[in-house]
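Here are the chains, one letter per residue:
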Amino acid sequence: MTAPAAIRLRLARPGDAYEIALMSRYLVEIGLRGWFWHPERVAKAIHLRDTCVVVAEVKKRITGFAIAEFGDTKMHLSLLAVKATHQRCGIGRLLVDWLEQSALTAGITLIELELRANNFGARCFYHTLGFQEVRYVPDYYRGQETALRMARGVRHAQPSNAS
Ligand SMILES: CC(C)(COP(=O)(O)OP(=O)(O)OC[C@H]1O[C@@H](n2cnc3c(N)ncnc32)[C@H](O)[C@@H]1OP(=O)(O)O)[C@@H](O)C(=O)NCCC(=O)NCCS
């Protein structure tokens, strides 16, 4: 298991787009038609002012990332993934905490996200972080798969076991 102290979070740079897109394809979009978060889309997200792309590094290698869009009152967590070799080390939680603190600073009160309804690992992860199930959204993914929408209010930073 990776020691949390060895995990560094930073904003993504344009040169990270291809690796982030690959992680999306193989960890999040696997089995879905097409490649939604392809490198050009990720690169565009990195440049957008209302979108935050953050990566987690261990020994200067990207091990996880998250993409979130900031609205006036809501943050939409569009993508989150951690490489299989580094899952269950606290990286996913650190990424969500980091975005949440940014949301708090921006005056945002709600975090929303969708995940594939059959993604039980991620579902447990979000439950652990205090998210609640809102509703199912049929055909959300390329008309192929149902999504589960989850949400929770933005909270002040709490001492984390992982840091
Ligand atoms: C979901 C995901 C982002 C979680 O990231 P992670 O870094 O492994 O999660 P953490 O280590 O921060 O987990 C925090 C807690 O969440 C819970 N949790 C995480 N993954 C879990 C799983 N697969 N099953 C059950 N509980 C889980 C645990 O309580 C865990 O704490 P613990 O390890 O001390 O028991 C990661 O598994 C992943 O990238 N999956 C593939 C892509 C994906 O499904 N993305 C989300 C949808 S977009």
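Preceding this paragraph is the structure being described.
Not measured: the values here are computed from a predicted model.

Quick notes on the rules
- Residues numbered from 1 in each chain as written.
- Predicted model: local features only at pLDDT ≥ 70, side-chain atom pairs only at ≥ 80, totals over all residues.
- Heavy atoms only, no water.
- Pairing = 2+ DSSP bridges.
- Helix = DSSP H or I, 4+ residues; strand = E, 2+ residues; numbered from the N terminus.
- Axes fitted to C-alpha atoms, helices over the stretch in contact; angles between N-to-C directions.
- Buried < 20%, exposed > 50% of the residue type's maximum accessible area, 1.4 Å probe, protein only.
- Right-handed = clockwise from strand over helix to strand, strands pointing away.
- Core = buried A, V, L, I, M, F, W, Y, C linked by side-chain atoms within 4.5 Å.
- Near = heavy atom within 4 Å.
- Polar contact = N/O pair within 3.5 Å; in protein donor to acceptor, adjacent residues only side chain to side chain.
- Nonpolar A, V, L, I, M, F, W, Y, C, P; charged D, E, K, R; others polar.
- Expected span 1.5 Å × (residues − 1).
- Contact = heavy atoms within 4.5 Å.

Trainee: Would you take a moment to explain the sheet that holds strand β7 (residues 145-153) for this structure?
Mentor: Strands in a sheet are paired, the pairing made by backbone hydrogen bonds, and the direction either parallel or antiparallel. Ordered in space as β1-β2-β3-β4-β5-β7-β6, the seven strands form an open sheet in which the pairing is mixed. The open sheet has two free edges, formed respectively by β1 (7-11) and β6 (132-141), since each of these has just one partner strand. For this sheet, the mean angle separating the axes of adjacent strands, direction not counted, is 25°. Sheet topology note: the strand β3 (residues 61-70)/strand β4 (residues 74-82) ladder contains seven bridges and is antiparallel. The residue bridging Phe65 from the neighbouring strand is Ala81, located in β4.

Trainee: When you look at the pairing of strand β5 (residues 110-116) in this model, what are you seeing that I'm missing?
Mentor: The side chains of a regular strand alternate between the sheet's two faces. Burial analysis of β5 places six of its seven residues in the buried class, which makes it a mostly covered element. Where β4 meets β5, four bridges bridge the pair, whose relative direction is parallel. Each residue of the ladder has a partner; that of His76, found in β5, is Glu112. As a crossover connection, the stretch from β4 through helix α3 (residues 91-105) into β5 is right-handed. Examined bridge by bridge, β5 and β7 share seven bridges and lie antiparallel to one another. Opposite Glu114, over in β7, you have Arg149 as the bridge partner.

Trainee: Can you walk me through the nonpolar core in this structure?
Mentor: Most often, soluble globular proteins keep nonpolar side chains buried together rather than apart. Ranked by internal contacts, the top residues of the largest apolar core, which has 30 residues, are Phe70, Met75, Leu77, Ile91, Leu99, Tyr126 and Phe131. If you list the elements that add at least two residues to this core, you get β2 (51-58), β3, β4, α3, β5, α4 (120-128) and β7. For this core, the element with the most residues is α3, which contributes six residues. Membership of the second largest hydrophobic core comes to 16 residues, among which are Ala12, Met23, Ile46 and Phe65.

Trainee: It is not clear to me how the site of the ligand should be interpreted in this structure. Could you clarify?
Mentor: Taken together, 19 residues are adjacent to the ligand, and Leu80, Val82, Arg88, Gly92 and Asn119 come closest. Separating an oxygen atom of the ligand from a side-chain N or O atom of Thr128 is a distance of 3.3 Å. Sorting the residues of the shell around the ligand by element identifies α1 (17-28), β4, α3 and α4 as the ones contributing at least two each. Across the shell around the ligand, the residue classes break down as 11 nonpolar, six polar and two charged.

Trainee: It is not clear to me how α3 should be interpreted in this structure. Could you clarify?
Mentor: Residues separated by three or four positions in an α-helix point in the same direction, a consequence of the helix having 3.6 residues per turn. Look at α3: 21 Å from first C-alpha to last across 15 residues, which is about the 21 Å you get at 1.5 Å a residue. Of all the residues in α3, the buried ones are Ile91, Gly92, Leu94, Leu95, Val96, Leu99, Glu100 and Ala103. Gly107 lies just past α3 and shows a positive phi near 80°.

Trainee: For this particular structure, what's the right way to read the environment of Gly90?
Mentor: Its place among the elements puts Gly90 in the loop between β4 and α3. The spacing of Gly90 and Ile7 is 83 residues in sequence and 9.2 Å in space, taken between C-alpha atoms.

Trainee: Explain the side chain of Arg116 to me, please; I cannot follow it from the model alone.
Mentor: By the element assignment, Arg116 lies in strand β5. With a relative accessible area of 13%, Arg116 lands in the buried category. Within the structure, the side chain of Arg116 is placed 2.7 Å from the backbone oxygen of Ile30, a separation counted as a polar contact. For Arg116, the side chain forms a polar contact with the side chain of Glu145, separated by 2.7 Å. If near-sequence neighbours (up to four positions away) are discounted, Arg116 is found in contact with Val28, Glu29, Ile30, Gly31, Leu32, Tyr141, Glu145 and Thr146.

Read these as spatial facts, not as claims about activity.
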